[in-house]
Amino acid sequence: MKTELYNAKTQKENGTALAGRVIRSGGLVVFPTETVYGLGANGLDGEAVSKIFEAKGRPSDNPLILHVAKKSDVKPLWKHVPDKARILMDAFWPGPLTLVYLKSELVPGEVTAGLDTVAVRMPEHKTALALIRAAGVPIAAPSANLSGKPSPTSVEHVLEDMDGRVDVIIDGGRCSVGVESTVLSLVGEPTILRPGGITREMLEGVIGPVKVAGAVLRPLGEDEQAASPGMKYRHYAPECEVAVALGSPRAAAGIICREYQKAEIEGKSCKIFATEQTKSYYKGKKCVIIGNRDMPATLCAALFGALRDETEGVDLILAEGIPESGEGLAYMNRLLRAAGFTVLRQ
Ligand code: TXA
Ligand code: MG
């Protein structure tokens with residue numbers, strides 16, 4: 001398949017109109033959002049949605065998010081709109097918050113992988129909103145990576161995985177949030193299934209107590225039922241090993257320096273994912289500054305890009321763990337998964 005590439009700035013009108021028609025006629029379009037790039041198809045057309053699973057190599061039991069262009073578009077997709085959803089939509093839509101609730105008859109089984117719930121979000125990115133409007137239907141879209149790889153946050157990363165597999169790619173530059181949306185289930189007690197840019201603290205500020213699903217920071221147990229099918233699969237795996245050092249900044253840096261030396265003796269090539277606060281501990285070692293520990297959103301914004309761009313010729317990435325508050329929860333969720341839960345303690 002020949003993939004057309006459009007630039008969201010220079011080919012705005014034509015690109016969006018054409019991509020909207022491609023979606024309507026059952027094709028695949030990769031588009032930018034504020035979180036990561038999405039791989040979209042007509043969310044009301046089961047056959048079009050099946051093509052997404054094929055293009056990504058995604059297990060068919062992992063459901064998709066429907067993307068809408070205005071709050072009221074959620075109404076036909078759910079059985080009804082619960083009060084807490086209304087409050088959350090008013091507070092955080094458009095933005096990186098996905099809400100899971102009981103699905104209506106309108107939503108095809110291909111989107112929900114046969115579940116009786118459907119995930120919906122209204123993105124904030126102007127190009128994403130323009131595309132959904134041009135398509136005139138909700139757009140089903142997972143992250144636009146091959147299944148198992150880090151989600152793409154730039155068009156270069158999209159092309160690595162999707163060139164030749166989709167009809168259109170819209171280049172919207174870098175994604176600002178850099179990790180996928182927060183997924184919150186409103187079936188029963190509000191529960192975070194995947195942390196993201198809208199933090200637990202922000203959610204609790206408007207609806208009160210919010211639980212975090214158990215498998216967010218640890219692997220799913222052998223007999224444990226996944227609260228979200230996505231929890232079952234290996235994610236964000238770069239082409240090298242990753243290990244996460246836990247503890248205070250000084251303790252983590254100590255562990256990393258020790259492991260770096262050990263690995264070098266074994267002939268392995270290492271790189272450190274450092275922070276502004278700790279870079280001075282790593283003088284003379286190969287390291288890249290991911291962001292600022294006091295502003296975990298900066299770490300989220302850079303992680304997936306670094307997992308793709310900073311791993312060439314590297315056997316082992318040594319990364320610092322950070323506290324799990326605010327956006328730190330989303331960062332640790334992605335980092336621990338990228339590491340296959342390999343952690344280093346003192
Ligand atoms: O930021 C994002 O959410 C991006 C952009 C493109 O919008 N999309 C994204 O989609 O990350 P995806 O498919 O890569 O991740 C969706 C996650 C998966 O872990 C899936 O298992 C979960 O949401 N999910 C979807 N529908 C669900 C449902 N009905 N119940 C529980 N979990 C669901
Ligand atoms: Mg994904």
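Our subject is the structure listed above.
Residues numbered from 1 in each chain as written. Chains lettered and ligands numbered in written order. Predicted model: local features only at pLDDT ≥ 70, side-chain atom pairs only at ≥ 80, totals over all residues. Heavy atoms only, no water.

**Student:** Explain the packing of aromatic side chains to me, and be specific about the residues and the numbers.
**Tutor:** Considering all chains together, one arrives at two aromatic pairs under this definition. Pairing Trp78 with Tyr101 gives two aromatic rings, centres 5.8 Å apart and planes at 75°, and the pair type is edge-to-face. Of this pair, Trp78 sits in the loop between strand E4 (65–67) and helix H3 (83–92) while Tyr101 is found in strand E5 (residues 97–102), placing the two residues 23 residues apart along the sequence. Residue classification places Trp78 among the buried residues on the basis of a relative accessible area of 2%. In this structure Tyr101 comes out as buried when scored by relative accessible area, which is 10%. (Phe/Tyr/Trp six-rings, centres within 6.5 Å; stacked < 30°, edge-to-face > 60°. Helix = DSSP H or I, 4+ residues; strand = E, 2+ residues; numbered from the N terminus. Buried < 20%, exposed > 50% of the residue type's maximum accessible area, 1.4 Å probe, protein only.)

**Student:** I'd like a description of the pattern of salt bridges, backed by residues and values.
**Tutor:** Pairing between side chains becomes possible if they bear opposite charge and their charged atoms approach one another. Taken as a whole, this structure holds 17 salt bridges when the rule is applied. Measuring nitrogen to oxygen at the nearest pair gives 2.9 Å for the salt bridge that ties Glu160 to Arg308. Remark: Arg308 occurs in helix H9 (residues 296–309) and Glu160 occurs in helix H6 (residues 155–162); sequence separation between them is 148 residues. In this structure, the salt-bridge partner of Arg218 is Glu224, at a minimum N-O distance of 3.1 Å. Residues joined by salt bridges that share partners form a network here, namely Lys149, Glu160, Asp161 and Arg308. (Salt bridge = Lys/Arg side-chain N within 4 Å of Asp/Glu carboxyl O.)

**Student:** Account for the pairing of strand E13 (residues 270–275), naming residues and giving values.
**Tutor:** A large share of E13 lies buried, amounting to six of its six residues. Because side chains alternate across E13, one face comprises the buried residues Cys270, Ile272 and Ala274, and the other comprises Lys271, Phe273 and Thr275, equally buried. Both E13 and strand E15 (residues 316–320) contribute to a ladder of four bridges, which runs parallel. Bridging from a neighbouring strand, Phe273 pairs with Ala319 of E15. One ladder, built from four bridges, connects E13 with strand E14 (residues 287–291); its direction is parallel. (Pairing = 2+ DSSP bridges.)

**Student:** Could you give an account of the layout of surface pockets, with specific residues and numbers?
**Tutor:** Counted as a void, the second largest pocket has a volume near 280 Å³. Along its surface, the second largest pocket is lined by Ala8, Lys9, Lys12, Glu13, Thr16, His125, Lys126, Thr127, Leu129, Ala130, Arg133 and Gly172. Mapped onto the lining of the second largest pocket, the elements with two or more residues apiece are helix H1 (12–24) and helix H5 (126–135). Ranked by residues supplied to the lining of the second largest pocket, first place goes to H5 with five residues. (1 Å grid on protein atoms, 1.4 Å probe; cavity = no way out; pocket = protein on both sides within 12 Å on 5 of 7 lines; lining within 4 Å. Points joined across faces, edges and corners; volume = space filled by probe spheres on them.)

**Student:** So what about the packing of H6 against H9? Which residues, and what values?
**Tutor:** Closest axis-to-axis distance for the H6/H9 pair is 11 Å, and the angle between their directions is 55°. Between H6 and H9, the crossing angle belongs to the class labelled oblique. Along this stretch, H6 crosses H9, giving a crossing that reads as left-handed. In contact with His157, Glu160 and Asp161 of H6, H9 contributes Gly305, Arg308 and Asp309. Considering only residue class, the contact of H6 with H9 consists of no nonpolar, two polar and four charged. (Axes fitted to C-alpha atoms, helices over the stretch in contact; angles between N-to-C directions. Parallel < 35°, antiparallel > 145°, perpendicular 65-115°, else oblique. Left-handed = near helix turned anticlockwise from the far one by under 90°. Contact = heavy atoms within 4.5 Å. Nonpolar A, V, L, I, M, F, W, Y, C, P; charged D, E, K, R; others polar.)

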